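# Residue-level structure breakdown
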Amino acid sequence: MTITELPFRATTAQANHWMAQQTGTPWDLPRLLENGLIPYVWLDYDASLPALFGDANGGYPAPIFFEDDTRRLAAGSDDVLITITKDVYRIVAQLPPPGLRRELHELRFLKKDLERLAGKLERAAAAALLPPPEPAASEGAQESQAGICKDQVLIAFVSLLKINLEQALDGAGGIFGDEGARVKASTKKSKKNAVWNPVTLALGLNDVYRVPMVQLKRAFGTHDFLREWEGDWKRTLGLLGK
């Protein structure tokens, strides 16, 4: 099979073949999922689930991101089981038990997600050939290593939560405060200088607000300002068995 250009929604076979062409290594469904890609399945309108479809009376592509659902796929299941997805308005929705089942061949991957992943892997391969950077010595650099600022927290995580994240950061309670992910030393001069450890914060968002781990993993691979934290993030997940 020769693919010159990916379709907007690629099948698993098309995604694997294209990624193999880009990286020179074989790909399969578990590897796609391990790298944070979200598969979609088209759901035809179901009158028994009106809240899920809203005004989309023809159906819509539903994402499969819930960790239990993706883990089942990665383990080699014979079909697709969707227990939690997002409705047509992109709001997280839990499906009535036992969930929805679809055939494996119905899985689709977005072209933009595949291209983003290929670019990320290409940059990582190029970076591996470069000499290690000089250790940061300045106060500003050390502060950057300590955490990310409020605007960066919002860019990385606001779309993953239903709460008002900006208000939560300002309130500095729970996981957002000094006893959670906020770096206490960063507020000595002014609370405007506050930074948050993104690894600690992401773990808190998963534990307290049930943000799916796959979405948090994608955040660390998507935003440039989180790339320096990606190593710590992966090591922490390894220690936690996640």
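Each remark here, short or long, concerns the structure printed above.
The following paragraphs examine the structure supplied in this document. Fair warning: this is a prediction, and the values are worked out from it, not measured in the lab.

Reading the values: the criteria
Residues numbered from 1 in each chain as written. Predicted model: local features only at pLDDT ≥ 70, side-chain atom pairs only at ≥ 80, totals over all residues. Heavy atoms only, no water. Helix = DSSP H or I, 4+ residues; strand = E, 2+ residues; numbered from the N terminus. Areas by Shrake-Rupley, 256 points an atom, 1.4 Å probe, with all protein chains shown as cover. Lys, Arg positive; Asp, Glu negative; His and termini not counted. Charge placed at Lys NZ, Arg CZ, Asp CG, Glu CD. Core = buried A, V, L, I, M, F, W, Y, C linked by side-chain atoms within 4.5 Å. Buried < 20%, exposed > 50% of the residue type's maximum accessible area, 1.4 Å probe, protein only. Contact = heavy atoms within 4.5 Å. Pairing = 2+ DSSP bridges. Salt bridge = Lys/Arg side-chain N within 4 Å of Asp/Glu carboxyl O. Polar contact = N/O pair within 3.5 Å; in protein donor to acceptor, adjacent residues only side chain to side chain.

## Some points on the overall build of the protein
In terms of helices and strands, the protein carries 11 helices and 10 strands. When the backbone C-alpha atoms are referred to their principal axes, the protein occupies close to 55 × 45 × 30 Å. On the protein, roughly 13800 Å² of surface is accessible, and the fraction owed to carbon and sulfur atoms is 53%. Of the side chains in the protein, 29 bear a positive and 30 a negative charge, and the two mean positions are spaced by 3 Å.

## As for the nonpolar core
Membership of the largest hydrophobic core comes to 29 residues, with the highest contact counts inside it found for Met-19, Leu-32, Leu-43, Leu-52 and Leu-114. Residues contacting Leu-114, with those up to four places away along its chain left out, are Leu-6, Ala-10, Ala-15, Trp-18, Met-19, Leu-32, Leu-37 and Phe-109. If you look at the next biggest cluster of nonpolar residues, it comprises 28 residues, including Leu-161, Ala-202, Phe-220 and Leu-237.

## Things to note about the pairing of strand β2 (residues 39-43)
Counting buried positions along β2 yields four of five residues, so the element is predominantly enclosed. Direction of pairing for β2 relative to strand β8 (residues 108-110): antiparallel, over a ladder of two bridges. Residue Tyr-40 lies in a different strand from β8, and its bridge partner there is Arg-108. In the sheet, β2 pairs with strand β3 (residues 60-63) via four bridges, with the strands oriented antiparallel. Note that in β3 the partner of Val-41 across the bridge is Ala-62.

## Let's talk about the sheet that holds β2
Spatial strand order, β1-β8-β2-β3: four strands in an open sheet with antiparallel pairing. A strand with exactly one partner marks an edge of an open sheet, and here the two such strands are β1 (9-10) and β3. Strand direction decides the pairing type here: β1 and β8, joined by two bridges, are antiparallel. Its bridge partner lying in β8, Arg-9 is registered against Leu-110.

## Here we look at the pattern of salt bridges
Counted according to the given criterion, the structure contains 13 salt bridges. Among the ionic pairs, Asp-224 bridges to Arg-227, the shortest N-O distance being 2.0 Å. Given the relative accessible area of 27%, Arg-227 is considered partly exposed. We note a salt bridge from Asp-232 to Arg-235, for which the minimum N-O separation is 2.4 Å. Note that Asp-232 and Arg-235 are positioned in helix α11 (residues 230-240) at a spacing of three residues, about one turn of the helix. Here Asp-232 falls in the partly exposed class, since its relative accessible area comes to 33%.

## Considering helix α10 (residues 213-222)
Most of α10 sits inside the fold, with seven of its 10 residues counted as buried. For α10, every residue scored as buried is listed here: Met-213, Val-214, Gln-215, Leu-216, Ala-219, Phe-220 and Gly-221. The inward-facing, buried residues of α10 abut α4 (67-74), β5 (84-86), α5 (111-128), α7 (150-157), α9 (198-209) and α11.

## Side note on the side chain of Asp-79
As for its position among the elements, Asp-79 is in strand β4 (residues 79-82). A relative accessible area of 17% means that Asp-79 is categorised as buried. Only 3.0 Å separates the side chain of Asp-79 from the side chain of Arg-101, close enough to count as a polar contact. Every residue in contact with Asp-79, bar those within four places of it in the chain, is listed here: Arg-72, Leu-73, Arg-101, Arg-102 and Leu-104.

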